[in-house]
Amino acid sequence: MTRSISILGATGSVGEQTLDLIRRNRDAWRVEVLTANGSAAKLAEFAREFDAKLAVLSDESRLPELRGALAGSGIEAAGGCAALCEAAARPVDITVAAIVGCAGLAPVMAAIERGGTVALANKEALVSAGDVMTAAVARHEATLLPVDSEHNAIFQCLQGNRIEDVAQITLTASGGPFRTWTQEQLEVATPEQAVAHPNWDMGAKISVDSATMMNKGLEYIEAHHLFPVGLDRLKIVVHPQSVIHSMVEYRDRSTLAQLGPSDMRVPIASCLAWPQRMDTPMAPLDLAAIGELSFFPPDEQRFPATRLAREAIEAGAGAPATLNAANEVAVAAFLAGQIAFTRIAAVVESTLSRYSAPAPASLDDVLGVDHEARVFASEMLEHA
Ligand code: NAD
Ligand code: MG
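All values reported here derive from a predicted model rather than from experimental measurement.

The figure often quoted for interface size is the accessible area lost as the parts come together. According to the domain assignment, the protein chain consists of domain 1 (3-146), domain 2 (150-297) and domain 3 (316-384). Between domain 1 and domain 2, the C-alpha centre-to-centre distance is 24 Å. Counting from both sides, the interface comprises 20 residues of domain 1 and, opposite them, 22 residues of domain 2. The leading source of residues in the side of domain 1 that touches domain 2 is helix H1 (residues 13-23), at 6 residues. Taken together, the residues of the side of domain 1 that touches domain 2 break down into 9 nonpolar, 7 polar and 4 charged.

Shown next as structure tokens:
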């Protein structure tokens, strides 16, 4: 039986790894929609290879290029934000939400509102929208499957158990490329150094988030929404080998962990096949070759991001959306060479202290907070 799939952000790291799994089992899938931001040529290439019905570019100015590249293929081409949301709302068996940043929020909400199954990689969307998204999932009887490796691990460890019996959820963190760096070294860290992650091959934004530990901060908020056990039962531990992807401890002190290679195709496959399983091309886990697993508490002096995220979710209202928006602005500025690495968390912290955003009650409210927080964060950049 073939299943239909749409991939939002098909040209990115998660998008391409999803397509890689589909390529290996081509007959099992019918590709409906593929989207990208501006990479028309790559999107057209994938749309042709996977015989997609529709290819959408968010950047409408590149639409003529996409149309040209798809000429004669019979594949529909569209451009702009409204077209992206309409495409995301097309009925399919599963939507993979792999756009980076709050830019992915409106299409994710469109997919949720048609009551489908959404495999969510786009953590910024859930962090910003929080209850607005989880309420929409409940209202439209949609299914949200977590792609993020930690949340996918937790999701797997919760199967067959009751959430009421959870004593503690532990998110593991690799610690990123700068785990052992001194404060002085962090001050002069370059974008090239930040995007060279020791364990995972990812897009630029999440790589920087991993280096600042904001990725774990965003994941802490993401976990709070996906697995509502209470913030006091949500912990972070640094585990440099990235073999254990997260753990759930129950009231009887049994701890279930999910282990696997640090390759996103494993959690993506878990979502694609759920509730069944499918093959992936990865080598079996060889624990004897890995030898040792180690664990450390997070150092919030050198990496304040997890503290900022915890404070934002404790503050509630529009603080998580503000944290996310300020971080997106600061990371983009760092990648553009405008601010130092250690200024990223500083910009987020000063934006949070300057802007007390109201609690968003709708998608438009969330987008409003996101917009406003970006204005504040951009001002903070000037005070470097
Ligand atoms: P990426 O930068 O490699 O790809 C992003 C995709 O989104 C691309 O297809 C791009 O064209 C599209 N895009 C970018 N900006 C857009 C915009 N403004 N409007 C519409 N589309 C836009 O990113 P990635 O590393 O694949 O990450 C995608 C998401 O998955 C992020 O939220 C990230 O945090 C999450 N995630 C990634 C990984 C990983 O290993 N890469 C792991 C866990 C979670
Ligand atoms: Mg993760």
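That was the structure; now back to the text.
The strand order S4-S3-S2-S1-S5-S6-S7 describes an open sheet built from 7 strands, whose pairing is parallel. Single-partner strands in this sheet number two, and they are strand S4 (76-79) and strand S7 (143-146). Across the sheet, the axes of successive neighbouring strands diverge by a mean angle of 20°, strand direction being ignored. Sheet topology note: the strand S1 (residues 3-8)/strand S5 (residues 94-97) ladder contains 4 bridges and is parallel. What sits directly across from Ser6, in S5, is Thr95.

Around ligand 1, the structure places 26 residues, and the nearest of them are Gly9, Gly12, Ala103, Met202 and Gly203. Mapped onto the shell around ligand 1, the elements with two or more residues apiece are H1, helix H6 (123-129) and helix H11 (204-212). The greatest single-element share of the shell around ligand 1, amounting to 3 residues, is contributed by H1. Taken domain by domain, the makeup of the shell around ligand 1 includes at least three residues from each of domain 1 (3-146) and domain 2 (150-297).

Running from N to C, helix H16 (residues 319-335) and helix H18 (residues 363-382) point in directions that differ by 45°, and their axes come no closer than 8 Å. Put simply, H16 runs oblique to H18. Relative to H18, H16 is oriented so that their crossing is right-handed. Judged by residue contacts, Ala321, Thr322, Ala325, Ala326, Val329, Ala330 and Ala333 of H16 engage Val366, Val369, Asp370, Ala373, Arg374, Ala377, Ser378 and Leu381 from H18. When the residues that make up the contact of H16 with H18 are grouped by side-chain class, the tally is 11 nonpolar, 2 polar and 2 charged.

Okay, the UniProt feature "domain: 1-deoxy-D-xylulose 5-phosphate reductoisomerase N-terminal" (unreviewed entry) in the protein chain next. Taking the UniProt record as the reference, the feature "domain: 1-deoxy-D-xylulose 5-phosphate reductoisomerase N-terminal" (unreviewed entry) is found at residues 5-130. Between the C-alpha atoms that bound residues 5-130 there is a distance of 25 Å. The span itself is 42% helix and 22% strand.

Okay, the pairing of strand S6 (residues 117-120) next. In the case of a regular strand, side chains alternate between the two sheet surfaces. Pairing between S5 and S6: 3 bridges, direction parallel. Directly across from Ala97, in S6, lies its bridge partner Leu120. Bridging between S6 and S7 involves 4 bridges; their strand directions are parallel. Within S7, the residue paired with Ala119 across the bridge is Leu145.

Now for unusual backbone geometry. What is expected of a backbone is that most residues other than glycine have negative phi and most peptide bonds are trans. Note that the residue after Trp274, namely Pro275, is joined by a cis bond; omega there is 5°. Turning to its location among the elements, Pro275 is positioned in the loop between helix H13 (265-273) and helix H14 (287-290). Within the chain, Met213 stands out as a residue other than glycine whose phi angle is a positive 75°. Tracing the chain through its elements places Met213 in the loop between H11 and helix H12 (214-226). Of note in the backbone geometry, Ala317 takes a positive phi value of approximately 45° without being a glycine. Here Ala317 lies in the loop between helix H15 (305-315) and H16.

Right, let's get into helix H8 (residues 149-158). An α-helical turn contains 3.6 residues, so a residue and the one three or four places further along point in the same direction. For H8, the tally of buried residues reaches 8 of 10 residues, placing the bulk of the element in the interior. Among all positions of H8, only Ser149, Glu150, His151, Asn152, Ala153, Ile154, Phe155 and Cys157 are buried. Check the buried side of H8 and you find it contacts S7, strand S8 (166-173), H12, strand S10 (244-250), strand S11 (255-259) and H13. In the segment just after H8, Gly160 is the residue with positive phi, at about 80°.

It is worth spelling out H11 at this point. Of all the 9 residues making up H11, 8 are buried; the element is thus mostly covered by neighbouring parts of the structure. Residues of H11 that are buried include every one of Lys205, Ile206, Ser207, Val208, Asp209, Ser210, Ala211 and Thr212, and no others. Considering only its buried residues, H11 is in contact with helix H10 (191-194), H12, H15, H16 and helix H17 (343-354). Looking at the residues trailing H11, positive phi occurs at Met213, about 75°.

What follows covers the nonpolar core. A general trend in soluble globular proteins is that nonpolar side chains are found buried together. Ranked by size, the top nonpolar core spans 118 residues in total, and within it Leu34, Leu43, Ala55, Ala97 and Ala330 carry the most contacts. Ranked by residues supplied to this core, first place goes to H16 with 10 residues. Beyond its immediate chain neighbours, meaning those up to four positions away, Leu43 contacts Ala10, Thr11, Leu34, Ala36, Ala55, Leu57 and Leu66.

Turning our eyes to something else, we now look at the packing of H11 against H16. In the contact formed by H11 and H16, the axes pass within 10 Å of each other and the chain directions differ by 100°. As judged from the angle between their axes, H11 and H16 are roughly perpendicular. Contacts from Ala204, Lys205, Val208 and Asp209 of H11 reach H16 at Val331, Phe334 and Leu335. Across the contact of H11 with H16, the residue classes break down as 5 nonpolar, no polar and 2 charged.

Calculation notes
All chains use their own residue numbering, which begins from 1 and follows the written sequence. Naming scheme: in the order in which they are written, chains are lettered from A and ligands are numbered from 1. Only residues with pLDDT of at least 70 get local features here, since the model is predicted, and only at 80 or more are side-chain atom pairs given and counted; chain-wide, interface and lining totals rely on the full set of residues. Segmentation into domains, and thus their bounds, comes from an automatic or database assignment. The contact criterion used is a C-beta to C-beta distance within 7 Å, with each C-beta placed from the backbone. In this description a helix means any DSSP run of H or I spanning at least four residues, a strand means any run of E spanning at least two, and both kinds are numbered starting from the N terminus. Just so you know the grouping, Ala, Val, Leu, Ile, Met, Phe, Trp, Tyr, Cys and Pro go in nonpolar, Asp, Glu, Lys and Arg go in charged, and all remaining residues, Gly too, go in polar. Here, a strand pair is defined by DSSP locating no fewer than two bridges between the strands. As a rule, the C-alpha atoms of each element are fitted with a line to give its axis, helices using only the stretch in contact, and angles between N-to-C directions run from 0 to 180 degrees. The criterion for a residue being near a molecule or strand is simple: its C-beta atom, placed using the backbone, must lie within 6 Å of it. For this classification, under 35 degrees means roughly parallel, over 145 means roughly antiparallel, 65 to 115 means roughly perpendicular, and everything else is oblique. Definitions for this section: a left-handed crossing has its near helix turned counterclockwise from the far helix by less than a right angle. A right-handed crossing has that turn clockwise. UniProt positions are given in the numbering used here, feature names are shortened, and annotations may be inferred rather than shown by experiment. Each residue is classed by its C-beta neighbour count within 10 Å, where at least 20 other C-beta atoms makes it buried, 12 or fewer makes it exposed, and intermediate counts make it partly exposed; the C-beta atoms are placed from backbone geometry. Any set of buried Ala, Val, Leu, Ile, Met, Phe, Trp, Tyr and Cys residues joined through C-beta atoms within 7 Å is what this text calls a nonpolar core.

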